[in-house]
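# Analysis of the macromolecular model
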Amino acid sequence: MSALQWATAFAPASVGNVAIGFDILGFAVDALGDRVTVSRSERPGVTISSVTGIAGELPTDPKHNTAGRALLALHETLAPGFGLEMRIEKGIPLGSGLGGSAASAVAAVVAGNELLGAPCEKLELLKFAMQGEAVASGSLHVDNISPSLFGGLVLTVGIEQPRVKRIPVPKGVCAVIVHPHMFLATRQARAILKREVTLSDFVWQTANLAGFISGCYTDDLDMIRASFEDVVIEPQRQALIPGFGEVRAAAMAAGALGCSISGAGPTLFAWALETQAHAVLAAMRAPLAAGGAALDEWVVGLQGEGARVVASG
Ligand code: HSE
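How each quantity is defined
Sequence order as written defines residue numbering, which begins from 1 separately in each chain. Only residues with pLDDT of at least 70 are given local features in this predicted model, and only at 80 or more are side-chain atom pairs given and counted; all residues enter the totals for whole chains, interfaces and linings. Derived side-chain values reflect all non-hydrogen atoms in the structure, with water molecules and hydrogen atoms excluded from consideration. We call a residue near a given molecule or strand whenever any one of its heavy atoms falls within 4 Å of it. Here a polar contact is taken to be a pair of N or O atoms separated by no more than 3.5 Å, where protein atoms must pair a possible hydrogen donor with a possible acceptor and residues adjacent in sequence count only if both atoms sit in side chains. Surface accessibility in these figures is a Shrake-Rupley result with a 1.4 Å probe; residues are shielded only by whichever protein chains are displayed. Residues were grouped as follows: Ala, Val, Leu, Ile, Met, Phe, Trp, Tyr, Cys and Pro as nonpolar; Asp, Glu, Lys and Arg as charged; and all remaining residues, including Gly, as polar. What fixes the domain bounds is an automatic or database domain assignment. Nine residue types can take part in a nonpolar core, namely buried Ala, Val, Leu, Ile, Met, Phe, Trp, Tyr and Cys, and a core is a set of them joined through side-chain atoms within 4.5 Å. Categorising residues by exposure relies on relative accessible area from a 1.4 Å probe, with only protein chains included: less than 20% of the type maximum marks a residue as buried, more than 50% marks it as exposed, and the intermediate range marks it as partly exposed. Numbering of helices and strands runs from the N terminus; a helix is a DSSP stretch of H or I covering at least four residues, while a strand is a stretch of E covering at least two. A contact between two residues is defined here by any heavy atoms of the two lying within 4.5 Å. Patch membership requires more than 30% relative accessible area and the absence of a salt bridge. Residues of like charge join within 9 Å; the nonpolar side chains Val, Leu, Ile, Met, Phe, Trp and Tyr join within 5 Å. Any Lys or Arg side-chain nitrogen found within 4 Å of a carboxyl oxygen on Asp or Glu counts as a salt bridge.

On to the site of the ligand, then. In the neighbourhood of the ligand, the contacting residues comprise Asn17, Phe22, Asp23, His141, Asp143, Asn144, Thr186, Arg190, Arg237, Gly263 and Ala264. The side chain of Asn17 places a nitrogen or oxygen atom 2.7 Å from an oxygen atom of the ligand. Within the contact set of the ligand, an oxygen atom lies 2.7 Å away from a side-chain nitrogen or oxygen of Arg190. Out of a free accessible area of 260 Å², the ligand has 96% covered by protein chains. Split by residue class, the shell around the ligand holds two nonpolar, five polar and four charged. Looking at which domains feed residues into the shell around the ligand, each of domain 1 (6-166) and domain 2 (173-300) supplies at least three.

In structure tokens, the structure reads:
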């Protein structure tokens, strides 16, 4: 058991789905993230003492808070014999589609694990963090948690026994991300989805996912561009994001490899060669700015390191 009194972890934002990998594929966005500090406490169980940053109204009952639920899962399993108190600093806007709930859950379990002497591997921490994500979105999915925890582009297969694979991204490819200032609840964006998929959409989507992953492994940009298309989820969700069709068309015309919705939206992202990223960003910005939306924008690498302990004492 460690002698630490407290530990702080940072967990990056993430883009879920990456167009063709609904609920199973995501990449980390190191430019922003959440921080959680976990300290020893004389109060039993898990308590949340503060939520600061761009938080809005978040519950401080740990059972109803993503980070709280994740840390409860870790605390129940490891049973350290003392309580844990947490402070959450939100750096990711709520309802943005940038994996804010996942990042808080990941930062909480990474900090809690450090405080307790780092007994758990990342794969165990993933399972605790998944409990937190379920509080936010009403379902157990891992496409934000895995990249936030492991960094880079990550494929996750399975829920009970998740298998995580970091996928290589061809050199010189980066992500362009545009966040229009509007709130979109993940629950709502999931609730509108049809429960059935046609056979022809199933064939296209599996072909595109396989093509995308194989293109990443073989540095085949032509294959990545040809398969960077979600034929199942994006057509159903795009009406929730004003200007989406124009943004996508503009990004592709400016040379993007692909452009889609980040997670449940409203953030939009593209992949592009670094040499074309700023042209793609300008192209994506124009239709949204013309519609009057306030925006945040990032151009980021795809080789991030994932969640980490940033301080302890
Ligand atoms: N894969 C999820 C979705 C990400 O698109 O609903 C949002 O949490």
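Of all hydrophobic cores here, the largest spans 68 residues; its most connected members are Phe27, Met86, Leu153, Phe212 and Trp271. Looking at this core, the element that brings in the most residues is helix α2 (residues 100-115), giving ten residues. When residues are assigned to domains, this core turns out to be shared by domain 1 (6-166) and domain 2 (173-300), each giving three or more. Apart from residues lying up to four places away in sequence, Leu153 is in contact with Val18, Leu25, Gly26, Phe27, Lys165, Arg166, Ile167, Val169, Phe212, Cys216, Trp271 and Leu302. Core analysis: the second largest hydrophobic core is formed by 19 residues, Val178, Leu184, Ala272 and Leu288 among them.

Here we come to a nonpolar patch on the surface. A cluster of nonpolar residues, Val197, Leu199, Phe202 and Val203, forms a patch on the protein surface that exposes about 410 Å² of accessible area. Turning to its location among the elements, Val203 is positioned in helix α6 (residues 199-217). Owing to a relative accessible area of 47%, Val203 belongs among the partly exposed residues under this scheme.

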